[in-house]
Amino acid sequence: MILSNPHGKIVSWMRKRDLHILTSNIYTYTGDQRFSVIHPPDSDDWDLKIEYAQQKDSGIYECQVNTEPKINLAVYLDVTGQ
C-alpha cells in the first residue's frame with residue numbers, strides 16, 4: 001500500500017473498523033507488533049506492512065496525509081486461506 005508524501009507532511013495509516021491509528025510517520029501506535037510502516041530513505045512511499053496477515057485483518061485501511069484539504073486513500077485488504 002503506497003501513498004506519496006508531500007514534503008514535510010505527516011502520513012498516517014488507520015484501520016477503519018475501529019478507527020485505530022496504526023502508524024504516524026515512522027512511529028507505530030499499536031501493541032500488535034505485526035504492523036509497521038516501511039519508508040525507504042529518499043522515498044515518498046509509505047507502505048503499511050502486516051506480517052503474518054490473518055483473516056481477522058481483512059477490512060479497510062486508510063492512508064492519510066495532513067494536508068488541507070486532507071489527502072486520503074482507502075484500500076480493502078482481503079486475507080484468504082492460511
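Higher on the page you've got the structure.
Residues numbered from 1 in each chain as written. Predicted model: local features only at pLDDT ≥ 70, side-chain atom pairs only at ≥ 80, totals over all residues. Heavy atoms only, no water.

K.L.:
Got a minute to help me understand the pairing of strand β2 (residues 20-24) in this structure?
P.N.:
Here is the key point about a regular strand: its side chains alternate between the two faces of the sheet. Pairing of strand β1 (residues 11-15) with β2, which is carried by four bridges, proceeds in the antiparallel orientation. Bridging across to β2, R15 finds its partner in H20. Of the strand pairs in this sheet, β2 and strand β3 (residues 27-28) are connected by two bridges, and their pairing is antiparallel. Bridge assignment links T23 to a residue of β3, and that residue is T28. Hairpin connection between β2 and β3: a loop of two residues separates the two successive antiparallel strands, and N25 in this loop has a positive phi of roughly 50°. (Pairing = 2+ DSSP bridges. Helix = DSSP H or I, 4+ residues; strand = E, 2+ residues; numbered from the N terminus.)

K.L.:
Explanation requested: the nonpolar core in the structure shown.
P.N.:
Considering soluble globular proteins, one finds that nonpolar side chains tend to be buried as a cluster. Counting residues in each nonpolar core, the largest one holds 13 residues, and the members touching the most others are W13, F35, L48, I50 and Y61. Mapped by element, the contributors of at least two residues to this core are β1, β4 (35-38), β5 (47-50) and β6 (59-65). Looking at which element gives the most residues to this core, the answer is β6, with three residues. (Core = buried A, V, L, I, M, F, W, Y, C linked by side-chain atoms within 4.5 Å. Buried < 20%, exposed > 50% of the residue type's maximum accessible area, 1.4 Å probe, protein only.)

K.L.:
Can you help me understand a nonpolar patch on the surface in this one?
P.N.:
A grouping of I21, I26, Y27 and Y29 is seen on the molecular surface, where their side chains present a nonpolar patch of about 450 Å² in accessible area. Among the structural elements, I26 can be located in the loop between β2 and β3. (Patch = residues over 30% accessible without salt bridge, like charges linked within 9 Å, V, L, I, M, F, W, Y side chains within 5 Å. Areas by Shrake-Rupley, 256 points an atom, 1.4 Å probe, with all protein chains shown as cover. Salt bridge = Lys/Arg side-chain N within 4 Å of Asp/Glu carboxyl O.)

K.L.:
Explanation requested: the environment of K49 in the structure shown.
P.N.:
On the secondary structure map, K49 appears in strand β5. On the accessibility criterion, K49 (35% relative accessible area) is partly exposed. It is 14 Å that separates the C-alpha atoms of K49 and I60, two residues lying 11 residues apart in sequence.

K.L.:
Just to check I follow, could you spell out the environment of I26 for this structure?
P.N.:
By relative accessible area, I26 is classed as exposed at 54%. For the pair I26 and D45, spaced 19 residues apart in the sequence, the C-alpha separation amounts to 12 Å.

K.L.:
Please explain the sheet that holds β6 as it appears in this structure.
P.N.:
Taken together, the five strands give an open sheet; going across it, the order is β3-β2-β1-β6-β7, and neighbouring strands pair in antiparallel fashion. At either margin of the open sheet sits one strand with a lone partner, and together these are β3 and β7 (71-77).

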